[in-house]
Amino acid sequence: MNHGNNQRLYINEVATRDGFQMESHFIPTDDKIALIDQLSTLGYAKIEVTSFTSPKAIPALRDGEEVMARIKRKPGVVYTALVPNLRGAERALDVNIDEFNIVMSTSETHNLSNLRMTREQSFAQLAEVIGLARGANVPVNVSLSCVFGCPMEGEVPQQTVLGWIDRFAALGVKGITLCDTTGMAYPTQVQSICSAAMARHPRLDFTAHFHNTRAMGLVNSVAAVEAGIRRFDMSLGGIGGCPYAPGATGNVATEDVVHMLQCMGYDTGMDLDGLISAAAQVAHLVQHELPSQLPRAGHRLTKHQPPADFPEIVARAAAKQGARTSARETLS
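- The name recorded for the protein in an unreviewed UniProt entry is Hydroxymethylglutaryl-CoA lyase, from Variovorax rhizosphaerae.
- Per UniProt, the comment on the protein under Sequence similarities (unreviewed entry) is "Belongs to the HMG-CoA lyase family."

In structure tokens, the structure reads:
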């Protein structure tokens, strides 16, 4: 199928929050700011800069205010952050955040494990955050975890997912992110859930967020595009993950997915060479190898030199061909 229709897709970077919070050592504040300033030039629609969670809970992002205050904001890029509660929302408003990203799980067991609350308790707390955001005229995006399955409960019924979307839509949120938190999604399921959600709430901005835990991140991204999703969360180098999913790897790698989508003819607005360069910077900051493939292999049309003895190979092949032609002429 040829998708050379130049359809516009919008890419959101989550490495600086979802990725860095999982790293074992603290990334220096100046380095975070320099990286985000670099990312602002690459064509992203949105960058998830940090988290306004308690510094005790996520010490890796304890510098959230300073990072948000010091980055160079590029017009047209949305600078968002994770806001867990009213205290976090107040901190985020103090540094003029562009959007609140709030999170809860569609799975009761995962929500209790991850957020230490029932889903109803989470919803009540987040409804207060949405109220504060509305008063401050700040848009809200809701990231729903475990939309495509829970590592402790198994399947999460589609009706359960749609029910939570309905409840947040009724509170006037701008967008919903459908999160494959632990890499349990598969393509036909992705198409079914994405199509149902968009048909039910055509005015909401839906984003897809995939992990590559079972090596289905790329194909799930294609399935989401074909279902009509136009916004995607991705993480440079594929860093990040979920602490409540044994063996879970990180998010889909920005540079891998963008390369694939550009090959398919979609307009991502992204600077691919710039992404590869930024991924190298991420590898330097986290001090370990990244799971992404593209920086190792290069673009699809990256050219390599033939072997050093290629002229001799060509000459030998020509000599054999000449000998064969002479033999045929002699026989005829």
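**Considerations on the overall build of the protein**
And step 1. Looking only at helices and strands, one finds 13 helices and eight strands in the protein.
And step 2. Seen along its three principal axes, the alpha-carbon backbone of the protein occupies a region of about 95 × 45 × 35 Å.
And step 3. Looking at the protein residue by residue over its 332 residues, the buried ones come to 49%.
And step 4. Summed over all atoms, the accessible surface of the protein reaches about 15200 Å², with 54% contributed by carbon and sulfur.

**Some details on the pattern of salt bridges**
And step 1. Tallied over the full model, the rule gives 16 salt bridges.
And step 2. Salt-bridge contacts for Arg200 lead to Asp166; the nearest nitrogen and oxygen are separated by 2.5 Å. Residue Arg200 is located in helix 8 (residues 187-200), and its partner Asp166 is located in helix 7 (residues 158-170); the two are separated by 34 residues in the primary sequence.
And step 3. When its relative accessible area of 25% is taken as the criterion, Asp166 is described as partly exposed.
And step 4. Between Asp205 and Lys174 there is a salt bridge, with the nearest N and O atoms lying 2.9 Å from each other. A residue pair is termed long-range when its members are at least 10 positions apart, and Asp205 in strand 7 (residues 205-209) and Lys174 in the loop between helix 7 and strand 6 (175-179) qualify at 31 residues.

**With respect to the side chain of Ser235**
And step 1. In this fold, Ser235 is placed in the loop between strand 8 (231-234) and helix 10 (254-263).
And step 2. A distance of 2.8 Å separates a polar atom in the side chain of Ser235 from the backbone oxygen of Ile239.
And step 3. Residue contacts for Ser235: discarding those within four places in its chain leaves Glu13, Val14, Ala15, Asn251, Val252, Ala253 and Thr254.

**Some remarks on helix 6 (residues 119-136)**
And step 1. Helix length check: helix 6 (18 residues) gives 25 Å between terminal C-alpha atoms against 26 Å at 1.5 Å per residue, within 8%.
And step 2. All of the buried residues in helix 6 are Ser122, Phe123, Leu126, Val129, Ile130 and Ala133. Buried residues of helix 6 fall within an arc of 125 degrees about the axis and therefore sit on the same side.
And step 3. Residues of helix 6 that are buried make contact with helix 4 (86-94), strand 4 (99-105), helix 5 (108-115), strand 5 (140-145) and helix 7.
And step 4. Two residues or fewer after helix 6 comes Asn137, characterised by a positive phi angle close to 60 degrees.

How each quantity is defined
- Residues numbered from 1 in each chain as written.
- Predicted model: local features only at pLDDT ≥ 70, side-chain atom pairs only at ≥ 80, totals over all residues.
- Heavy atoms only, no water.
- UniProt positions renumbered as here; feature names shortened; annotations may be inferred.
- Helix = DSSP H or I, 4+ residues; strand = E, 2+ residues; numbered from the N terminus.
- Buried < 20%, exposed > 50% of the residue type's maximum accessible area, 1.4 Å probe, protein only.
- Areas by Shrake-Rupley, 256 points an atom, 1.4 Å probe, with all protein chains shown as cover.
- Salt bridge = Lys/Arg side-chain N within 4 Å of Asp/Glu carboxyl O.
- Polar contact = N/O pair within 3.5 Å; in protein donor to acceptor, adjacent residues only side chain to side chain.
- Contact = heavy atoms within 4.5 Å.
- Expected span 1.5 Å × (residues − 1).
- Arc of directions from axis to C-beta.

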